[in-house]
Every structure is written in structure tokens, then in C-alpha cells.
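Secondary and tertiary structure notes
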Amino acid sequence: PKGNYHGRLYDLRVGYRLLKDVGLEAHFGVDGGNDDSPGDFGFERYYGLFAVPTATVFNTFELALPIGYAWTGVKQRLPGQPERSSSLNSVAFGGNFELPLQVFKPAWPNIRLTAGGIVFVQRSNAEVYGFHIGIRCDFSL
């Protein structure tokens, strides 16, 4: 039914820096639970592929703008009712704020604190917004 629902997703991102200021990221999501209450839903799957232009501001923090496509499957289980599920695949976009810890101490590893948001689905009958906070670790192979 129509309404506002809440869900939880654990997102793993793997990326490669194609150019100095543009990366390519693949996202893989795992359901975080909470799909058995009236206002909650769960994830059956989440995959995303994004181009991520990045800008460094004042030689301190980074702004990243992921633009791509997300394959999202959602589900809802309510007591006494059958499970409902839907596939909500769509163009996705967002914004990230990233703070490299090396700004404070250059000897530290290349780790960034990151926070941001993304719009996974933008259709006339459904919208899914996500907000995140986490740690990003950059390394070379």
C-alpha cells in the first residue's frame, strides 16, 4: 500500500579510479532486517553501478557525486499476510562528503570518513532514498 516505509541496508562499495577525478564504483547491498513491522520493509537485493566524479575543496575535503543505475528488490512481511515484493530498478544519483584523515596527520593510512545520500529509485509510484555514514579506505594494487 502507499505510504512511507523504512528499511535498513548494509552497502559494500568497491571502486577503481579511472581518471584523477573520476571513479567507477560497484555497490552490493545486504538486507539489514526490519521488514516485519507495518512501517518497515526489507531488501531482497541491491546492486548499483556508478560513475563518481570527485572534487577536492580547499585541499581538505572531497565532494563526490555518484551517478548510475541501481537494481533494487524490496520485500515486506506483515503478520498474517503473505510476503510482498517488488523490483524497483532505476537511474540513481547522490552526493557524498568525504574527509581524508591524512589531512590531520600525513603518516596515517589513506582512510576517509564519509557521509552522504542517494536516490536509488525515482518512479511515479515509488521512491527510495538512502543516507549513509561510513569509512572509505583507498589502496593501490
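Residues numbered from 1 in each chain as written. Predicted model: local features only at pLDDT ≥ 70, side-chain atom pairs only at ≥ 80, totals over all residues. Heavy atoms only, no water.

**What to know about the pattern of salt bridges**
Heads up, the condition is: The rule for a salt bridge is simple: a side-chain nitrogen of Lys or Arg has to be within 4 Å of a carboxyl oxygen of Asp or Glu. We count a stretch as a helix when DSSP gives it H or I for four or more residues in a row; a strand needs E for two or more, and each element gets its number in order from the N terminus. With a 1.4 Å probe rolled over the protein chains alone, any residue whose accessible area is under 20% of its type maximum counts as buried; one over 50% counts as exposed, and the rest are partly exposed.
In the structure shown here, the tally under the stated rule is seven salt bridges. Close ionic contact of Asp31 with Lys75 constitutes a salt bridge, the shortest N to O distance being 3.8 Å. Linking Asp31 in strand E2 (residues 22–31) with Lys75 in strand E5 (residues 67–76), this pair joins segments that are 44 residues apart in sequence. With a relative accessible area of 24%, Asp31 lands in the partly exposed category.

**A closer look at the pairing of strand E7 (residues 90–100)**
Basically, it comes down to this: Note on pairing: two strands pair once DSSP finds at least 2 bridges between them.
Pairing of strand E4 (residues 61–64) with E7 involves three bridges; the strand directions are antiparallel. Across the sheet, the residue bridging to Glu62 is Glu98, located in E7. Relative to strand E8 (residues 111–122), E7 is paired through eight bridges, and the arrangement is antiparallel. Across the sheet, residue Phe97 finds its bridge partner in E8, namely Ala115.

**Details of unusual backbone geometry**
Note: most peptide bonds trans; most residues except glycine with negative phi. In this structure, Phe58 takes a positive phi of about 55° despite not being glycine. Inspection of the secondary structure assignment puts Phe58 in the loop between strand E3 (42–57) and E4. Residue classification places Phe58 among the exposed positions, given a relative accessible area of 71%. Non-glycine residue Asn59 carries a positive phi angle of around 50°.

**Let's talk about a nonpolar patch on the surface**
Selection rule: Candidates for patches are residues over 30% relative accessible area with no salt bridge; among them, like charges are joined within 9 Å and nonpolar side chains (Val, Leu, Ile, Met, Phe, Trp, Tyr) within 5 Å. For accessible areas, the Shrake-Rupley method is used with a probe of radius 1.4 Å. Any residue's cover is judged against the shown protein chains and nothing else.
On the surface, Leu12, Val14, Tyr16, Leu18, Leu19, Leu24, Phe28, Tyr47, Leu49, Tyr69, Trp71 and Val91 cluster together into a nonpolar patch covering about 1200 Å² of accessible area. When residues of the nonpolar patch are traced back to their parent elements, those giving at least two are strand E1 (9–19), E2, E3 and E5. Position of Tyr69 relative to the elements: it lies in strand E5. By relative accessible area, which is 32% here, Tyr69 ends up partly exposed.

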